[in-house]
Amino acid sequence: MAITLRSYRELEQLRRAGSVVAKVLSKLKECAKPGVSTAQLDAIAAQMTREAGAIPLFKGVPCPYKNYPFPGVICASVNEQLVHGIPSEKVILREGDILSVDFGVKLDGYCGDSAFTIGIGRIDPQRQRLLDVTRRMLEIAIEMMAPGIKWSTIAAEMEACCNNAGFSVVRDYVGHGIGTEMHEDPKVPNFVSRDLLKNDILLKEGMVLAVEPMVNMGKEKVRTLADGWTVVTQDRKCSAHFEHTIAVVQDGSRVLTLNEQL
Ligand code: MF3
Ligand code: CO
């Protein structure tokens, strides 16, 4: 496993890509209201990406199961959909839904990848708790990441946060290294496994990870729908997903997918 360490210059490039991602995601957060379709959100993201001179990362990704490359610029996953939901005119947001939007771009050769889940209008308190816990897990990673710490130490805290709330960490999907490619080494799980303990990641200055906790309200099991993409919970209970692209720096971590002027 070869984990690329990025120079300060490269981190700046990644941050420029990340700020495009963040700007698009904050726009989509504003636009995600009852009556809006996920295809409309996709169109907004596509236009903003073009205007920023960036390339969407997800559109055209080959499907592992069949000949159907991912057709969207964003992944839009509603309620029991966990990740990789295909934007559609037929998916119209309704009050009480939870929506996960995942989005990435490449700008001047460097990638950014981020995701959020929000409630549409007023939502059930248990759904709100699911969002809060999943967001908290990402915050734990941001707070703990620093040179010299093992990833398993962080994953254990994230997993405990989820388990204490009575929810389930998804095990079939994990985070990843990111840089000049969307998916680079290492794999970044949100849970501790024997495999992780055997092949732990010792964080070093210049590592860049896309950390993306995925949490199910019910059981951890998931499956992929016949469209080849949409991942849903097996028990059809709700699922949430938050993601940031995060660099390990000398004094801790820097979130690269933030909406800020450089
Ligand atoms: N953020 C997701 C990931 O890290 C996005 C992949 S969606 C795909 O894997 F369409 F590109 F596959
Ligand atoms: Co990702």
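The present account deals with the structure reproduced in this document.

Basis of the calculations
- Residues numbered from 1 in each chain as written.
- Chains lettered and ligands numbered in written order.
- Predicted model: local features only at pLDDT ≥ 70, side-chain atom pairs only at ≥ 80, totals over all residues.
- Heavy atoms only, no water.
- Helix = DSSP H or I, 4+ residues; strand = E, 2+ residues; numbered from the N terminus.
- Expected span 1.5 Å × (residues − 1).
- Buried < 20%, exposed > 50% of the residue type's maximum accessible area, 1.4 Å probe, protein only.
- Contact = heavy atoms within 4.5 Å.
- Salt bridge = Lys/Arg side-chain N within 4 Å of Asp/Glu carboxyl O.

1. Some thoughts on helix α2 (residues 38–51)
Here is step 1: Here α2 contains 14 residues, and its C-alpha end-to-end distance of 20 Å stays within 8% of the 20 Å for a straight helix at 1.5 Å per residue.
Here is step 2: Three or more residues of α2 are buried, namely T38, A39, L41, D42, A45, A46, M48 and T49.
Here is step 3: Positive backbone phi, at 75 degrees, marks G53, one or two positions downstream of α2.

2. Overview of helix α4 (residues 151–164)
For the α-helix, the turn length of 3.6 residues means that residues three or four positions removed from each other point alike.
Here is step 1: Over its 14 residues, α4 runs 20 Å from end to end, which matches the ideal 20 Å to within 8%, given 1.5 Å per residue.
Here is step 2: Of all the positions in α4, only W151, S152, I154, A155, M158, E159, C161 and C162 are classed as buried.
Here is step 3: Where the residues of α4 are buried, they touch α3 (125–144), β6 (168–169), β8 (184–188), α5 (194–198), β9 (208–211) and β10 (214–216).
Here is step 4: Just beyond α4, the residue with positive phi is G166, at close to 85 degrees.

3. Digging into the pattern of salt bridges
Here is step 1: Scanning all chains against the criterion turns up nine salt bridges.
Here is step 2: Note that R6 is salt-bridged to E184, the shortest N-O span being 3.0 Å. Of the two residues, R6 sits in the segment before α1 (8–31) while E184 sits in strand β8, which places them 178 residues apart along the sequence. Assigned by exposure class, R6 and E184 land together as buried.
Here is step 3: Taking the shortest distance from any N to any O, the salt bridge between R171 and E159 comes out at 3.6 Å. A residue pair is termed long-range when its members are at least 10 positions apart, and R171 in the loop between β6 and β7 (175–177) and E159 in helix α4 qualify at twelve residues.
Here is step 4: Classification of R171 as partly exposed rests on a relative accessible area of 32%.
Here is step 5: One connected set of salt bridges, linked through shared partners, spans R6, E10 and E184.

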